[in-house]
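Analysis of the macromolecular model
Residue-level listing of the chains:
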Amino acid sequence: FHNLPYEATLPGLLEWRRADGTDFQPMSRRQTLGLIFLCACHIMAWAKQDPFRFSRLNINQGLSHNYVSSFLKDRRGFVWIGTSSGLNRFDGYSVRVFRNDPRDSTTISNNFINSMFEDPDGRIWVYSTTGTTVINIFDPATERFSHSSQPYLKQYGIPEGSITDILQDSGGRFWFIHNEQGLFRYSPRLKTTTIARHLPEGTAITSQTRISHIAED
């Protein structure tokens, strides 16, 4: 209370004295209760404010189809929405749709999107299907798709094959589920790759082990 023009005496804060020693008239009980009531009302009004704001995104706002199969939010803040009729990228204001163009080999291979993942370099891995599942890897620098994962797996020290999931953990490491060879952990900081030999409960991971999904608790 040294910065105030009055000081409180103990016990309690109901007895006040100005710095010059003269008495300071405290608020009455009614005034005190009124102030407490106003503060409580203000807190309750703030608490009732909804911290979430929902908006609707469908074909009327530019979405390619209302049947949505997958979502991904990338490191740049874009929301990727996979549908049965194209891949959509939402920036918070508008939607850009990526569809197959038979005349352009750098477009997505087909328009039915199954799943999406982001790799350590910010590329978006998109699996699409028309009976057989096809990989499409979107490069944000060129905004074009490539259709082979081998160069990128080689970059991360992972054997060639089908990757069914990519997860980034809280430590910044990336986990790759390999359809035939199990689970790999890649460290972007160290540029090293480690194969997981055992599941958490101790079961050994072999070529017969099938891992469908991973999540961090």
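Above this text sits the structure in question.
Read on for a plain summary of the structure. Remember, predicted model here, so these are calculated numbers, not experimental data.

For the structure on display, the rule yields 9 salt bridges. Here R103 ties to D101 by a salt bridge, and the two come within 3.1 Å at their closest N and O atoms. Of the residues examined, R103 reaches a relative accessible area of 78% and is grouped as exposed. With a closest N to O distance of 3.1 Å, D169 and R173 form a salt bridge. R173 gets classed as partly exposed once you look at its relative accessible area, which sits at 33%. Salt bridges sharing partners connect three or more residues here, namely R89, R96 and E143.

Read across the open sheet, the 4 strands follow the order β8-β9-β10-β11; overall the sheet is antiparallel. The open sheet has two edge strands, β8 (113-118) and β11 (144-146), and neither has a second partner. This sheet shows a mean twist of 30° between the axes of neighbouring strands, independent of strand direction. Two elements, strand β9 (residues 124-129) and strand β10 (residues 133-139), share 6 bridges in a ladder whose sense is antiparallel. The partner of Y127 across the bridge, within β10, is I135.

Here we take up the pairing of strand β6 (residues 86-90). Within β6, 4 of the 5 residues are buried, which leaves the element mostly enclosed by the surrounding structure. Note: strand β5 (residues 79-83) against β6, 5 bridges, orientation antiparallel. Bridged to T83 within β6 is G86. A loop of 4 residues connects β6 with strand β7 (residues 95-98), the two strands running antiparallel in sequence, and G92 in this loop sits at a positive phi of about 100°.

So, how was this worked out
Residues numbered from 1 in each chain as written. Predicted model: local features only at pLDDT ≥ 70, side-chain atom pairs only at ≥ 80, totals over all residues. Heavy atoms only, no water. Salt bridge = Lys/Arg side-chain N within 4 Å of Asp/Glu carboxyl O. Buried < 20%, exposed > 50% of the residue type's maximum accessible area, 1.4 Å probe, protein only. Pairing = 2+ DSSP bridges. Helix = DSSP H or I, 4+ residues; strand = E, 2+ residues; numbered from the N terminus. Axes fitted to C-alpha atoms, helices over the stretch in contact; angles between N-to-C directions.

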